[in-house]
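One letter stands for each residue in the lines below.
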Amino acid sequence: MRTRADLKIWVFALVVGLGAILLNFNSIVPKIEAFFPQINHLVESDLYNSFNNLRGTEEDFWDNVKGIDTKKNSDETPVPTANIANTTPNPITTVVPTLSDYNPTNKISAPFKVQIIGDSMILEGFGPQMKIKLLEYDGVSVKDNGRYSTGLNRVDYFDWFKESENLIRVNQPDVLIVMFGANDGQNIVAKDKSIGNLGTDKWKTIYRERVSDYLKLVSDKVGLIYWVGHPIPRTTDFYNKFSVMNPIYEEECAKFTNCRYVDEWARFAVDGKYSPTLADDNGLVQNVKGSDGVHVTVHGGKIMADEVIRVMKMDITMEKE
Amino acid sequence: MQFITLEFFLFFIGVLLFAIFLKKNRKIYTVYLFLASLLFYYGFGEQNFVVLVISVVANYILLYKIDQEKGPKARKTAFILALIINILFLVYFKYTNFLSNSVMELASGLGIRGLNLSLEVIAPIGISFYTFRTISHLIDLYRGNVERPDFTSYATYVTFFPQILSGPISRPKDFYESLNNPKRLSYLDSEIIVLVLSGLIKKLVIASFLWEFTQGPFSTPQSFSSIDLIFAALAYSCMIYTDFSGYSDISIAVSKLMGIDVYSNFKSPYRSIGLKEFWSRWHISLSTWLKDYVYIPLGGNRGGRFNKYRNIFLTMVVSGIWHGAGINFIIWGTLHGIGSVVTHLISDRFGSNAESKKGFSILKLFGWVLTFAFVTFTWIFFNSRTPESAFYFIKGIFRSAVTENVIVSTRLFIVIFVVIYFNFIGQKFTLYIKNFISELSPIAKYIFVLLVVYAIIKLGPDMVPPFIYFSF
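Residues numbered from 1 in each chain as written. Chains lettered and ligands numbered in written order. Predicted model: local features only at pLDDT ≥ 70, side-chain atom pairs only at ≥ 80, totals over all residues. Heavy atoms only, no water.

1. Looking at the overall build of chain A
The condition that has to hold: Only DSSP runs of H or I covering at least 4 residues are called helices, and only runs of E covering at least 2 are called strands; the numbering of each starts at the N terminus. Exposure categories follow from relative accessible area, calculated using a 1.4 Å probe and restricted to protein chains: below 20% of the type maximum is buried, above 50% is exposed, and the middle band is partly exposed. For this analysis, residues touch if any pair of their heavy atoms sits within 4.5 Å. We get accessible surface area from the Shrake-Rupley algorithm with a probe of 1.4 Å; when it comes to residues, only the shown protein chains can shield them.
When helices and strands are tallied, chain A shows 13 helices and 13 strands. Sorting the 321 residues of chain A into buried and exposed places 55% on the buried side. The long-range share in chain A, meaning contacts at least 24 apart out of those at least 6 apart in sequence, stands at 72%. Here chain A displays about 14100 Å² of accessible surface, and carbon together with sulfur accounts for 53% of that area.

As structure tokens, this is what we get:
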């Protein structure tokens, strides 16, 4: 009986093994990581070194990011954060697919296509409300793509650079709405593989570079970029993280003629402090944050979306259907 | 630290290694389980942890008070007081935001602008589940079904880490019987292996796959075609089943590995003919809880048919309210209440022969289609964030401005079919696999598990969304 059972298991093993190998999916390592998103949190802890080899693909990743001379950059000493803010941005030559007559001083009309990109904020609360609000306008079409537990930090876990390029190529958006950062508050690896510990100047420098590289990648592929900053969060932990990230987004965005930063922090703060409830444009007051104090409720999502549209209307003529 | 994460895996392996040795001594093992459960829950934050500890300590004092009271009147008073405290505790944490938002919305509707109650209460994770455990203990003690345990046993019952987040809601008597059982821990049991593998397949492969087809349509139903919305509703129906029953399978397996026996929480619910049968197969630990602690205290089927139907209806509304703080959940519970009453009316009028007859019949097929369609329809309210969104979804099913189908695909159709089909053959299939594994040598068992896990990893989508029932 035992021999027969063992024979069965080996036949089964062979079938399962061959079946799995024949399936033409992505490589196994990113999938294992996908099942263990908590690796992100472990990386933050003392276990970091144990998992350091997971970042082996980082260099390859940068090599593959099109349009950026990573080899050259990786040899350079990172520029201190304070100096970056004072440097004169390089002029960016943009290729505008549809809004070809775009000029910051001129208003642009529909029809146009919008692509929304980001982490869980795009999947819950903000993203859906942004899409719903945009679809109320005449001639606006929207694609939204969000992924849990992702951002610009752990590019070895999920490659938003590559994914953004793909989405832009396939969907051909005129406007890109971007929101990252909720999962980026962890140690970061530079192009030279050195580690920037969270909360240090080195971390800020590396993350700033990451944001800048992302903008360089997408800015010449879309007409306008709206980089959505984080609303003021409930917890001290995220308050400290977003206080560092938001200025990076704002400053880097300002270096690109077709990028607008949407300041949600100010929209959600009351007298500079966190408020659990807020009134929307119609005066309706409701809770704005979910249980984690970062993700927004439906009401909070509507307020965020209204703010983005308010900023969009400075560039684009938008009329409701 | 949630299930199906590296953190939990490492935590559990560590806990299990010591548990094997400590199980011999009941007292030490109980303390060990309690401490492991506290450590597990502490991972969800200090505030959650403090609320849980307060609940455990306060409830044990209340249990002690009920137990000490000798006179029936004083005992009843202490019991009612304890019950009210627990209900208020749950209402405060779970429904304050909903109630204050409702008041502010009502004020806005009445033209009172700017009313800001500025309230925000954060519901501790798993509060609905562990409060139902504390209430169940109070009632069982009052009814004399269970004796007052020592504090550590009680605290272990309430905080037991495999079940605190999303159940199953074990009964105290069953829990203590398992805890006191001197049986050695078994970790190569074929039933446990089947439960773990089935849970992983359901959650990581099927539910994660289906999620991709539900997220968009339920967030912005306005931008999807009628056909897409129908398939999204079917996909969600299959997803919530595989997600929650997958979670329950893993939870039960982990409980069993720690020596605590738990009854099955799902028994192929989508093969049901009629809502009566559906609720005897879906989230069984909750439906039996509601039956024992809500339906029967309300009067059950005593006092005539009207009272019976009223009690069924009210029990289902309570079920809706328990599931979440929102109008959608109340609508979901109310619809199930109405549906259950209609099912009982038909059953009382014509008898339930159609359900019990073996073999195929047109009547059974009609009953099955109607039940599955009704359950799927009600999930639209369950999964929509607002009534407005559910309205758009239902409206879109009948008439949508969008004509392009982006959801419908052969892959989706096959997965939906497989999930439904396994509701009919699943029990036989599980038994077959269980027998197959039990015949294997220990080494062959390891190889089998590793290969299946490998296949799960290969088959699973890149992104695993959070468990649905963690929100409750």
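2. Side note on the nonpolar core
The test is simple: Residues enter a nonpolar core if they are buried and are Ala, Val, Leu, Ile, Met, Phe, Trp, Tyr or Cys, with the set joined through side-chain atoms within 4.5 Å. Either an automatic procedure or a domain database provided the assignment from which the domain bounds are taken.
Within the largest apolar cluster, 136 residues are counted, with the highest numbers of intra-cluster contacts made by Phe40, Phe161, Met258 and Trp379 of chain B. Looking at which element gives the most residues to this core, the answer is helix α9 (residues 226-257) of chain B, with 17 residues. Counting residues domain by domain, this core receives three or more from each of domain 1 (6-179) and domain 2 (190-273 + 353-471) of chain B. With 70 residues, the next largest nonpolar core counts Met179, Ile206, Phe242 and Trp265 of chain A among its residues.

3. Observations regarding helix α12 (residues 304-323) of chain B
All names here are of chain B. Put simply, the rule is: Helices are assigned an expected span. That span is 1.5 Å times one less than the residue count.
Over its 20 residues, α12 runs 29 Å from end to end, which matches the ideal 28 Å to within 8%, given 1.5 Å per residue. Looking only at α12, the buried set comprises Lys308, Tyr309, Asn311, Ile312, Thr315, Met316, Val317, Ser319, Gly320, Trp322 and His323. Turning to α12, the residues buried within the fold contact α4 (72-109), α5 (127-143), α10 (275-279), α11 (284-298), α13 (327-350) and α15 (362-383).

4. A look at the domain arrangement of chain B
Bring the parts together and some accessible area is lost; that lost area is often taken as the interface size. Residue and element names in this part refer to chain B. Just so we agree on the cut-off: Note: buried area is the sum, over both parts, of the accessible area (probe 1.4 Å) each one loses when the two are combined. Any pair of N or O atoms that falls within 3.5 Å is considered a polar contact. Within protein, one atom must be able to donate a hydrogen and the other to accept it, and sequence-neighbouring residues count only if both atoms are side-chain atoms. Any residue that is not Ala, Val, Leu, Ile, Met, Phe, Trp, Tyr, Cys, Pro, Asp, Glu, Lys or Arg is counted as polar, Gly included; the first ten are nonpolar and the last four charged.
Looking at chain B, the domain boundaries give domain 1 (6-179) and domain 2 (190-273 + 353-471). For domain 1 versus domain 2, the separation of C-alpha centres amounts to 29 Å. Counting from both sides, the interface comprises 23 residues of domain 1 and, opposite them, 16 residues of domain 2. When residues of domain 1 are sorted by the area they lose upon contact with domain 2, Ser166, Pro168 and Ser178 head the list and together hold 31% of the total. Summed over the shared surface of domain 1 and domain 2, the result is 6 residue pairs in polar contact (both at pLDDT 80 or more). Elements with a minimum of two residues in the side of domain 1 that touches domain 2: α1 (6-22), α2 (26-42) and α7 (172-180). When its residues are assigned to classes, the side of domain 1 that touches domain 2 shows 16 nonpolar, 5 polar and 2 charged.

5. Quick notes on the state of the cysteines
Cysteine pairs can be covalently joined through their sulfur atoms, and such a bond is termed a disulfide. Residue and element names in this part refer to chain A. Put simply, the rule is: For this text, the term disulfide refers to a pair of cysteine sulfurs within 2.5 Å.
Under the definition given, this model contains 1 disulfide over all chains. In this model Cys253 forms its disulfide with Cys259; the gap between the sulfur atoms is 2.0 Å. Judged by the sign of its S-S torsion, about -105°, the cystine formed by Cys253 and Cys259 is left-handed. Judged on exposure class, the residue Cys253 and its partner Cys259 are both buried.

6. Regarding a nonpolar patch on the surface
Quick note on the threshold: Any residue with relative accessible area above 30% and no salt bridge may belong to a patch, with like charges joined within 9 Å and the nonpolar Val, Leu, Ile, Met, Phe, Trp and Tyr side chains within 5 Å. Between Lys or Arg on one side and Asp or Glu on the other, a salt bridge is scored when a side-chain nitrogen of the former is within 4 Å of a carboxyl oxygen of the latter.
The grouping of Val103, Leu106, Leu110, Ile112, Leu115, Leu117 and Leu119 of chain B at the surface amounts to a nonpolar patch, some 610 Å² of accessible area in total. Residue Leu119 of chain B is classed as partly exposed on the basis of its relative accessible area of 37%.

7. Focus on the sheet that holds strand β2 (residues 112-118) of chain A
All names here are of chain A. Just so we agree on the cut-off: The criterion for strand pairing is that DSSP finds at least two bridges linking the strands in question. Each axis is a line fitted through C-alpha atoms, taken for helices only over the stretch in contact, and angles between the N-to-C directions span 0 to 180 degrees.
Strand order in this open sheet of 5 strands is β3-β2-β4-β7-β8, and the pairing throughout is parallel. Here the strands that pair on one side only, and so sit at the sheet edges, are β3 (140-146) and β8 (259-262). Averaged over all adjacent pairs, the angle separating strand axes in this sheet is 20°, with direction ignored. Across 4 bridges, strand β4 (residues 175-179) lies against strand β7 (residues 224-228) in parallel orientation.

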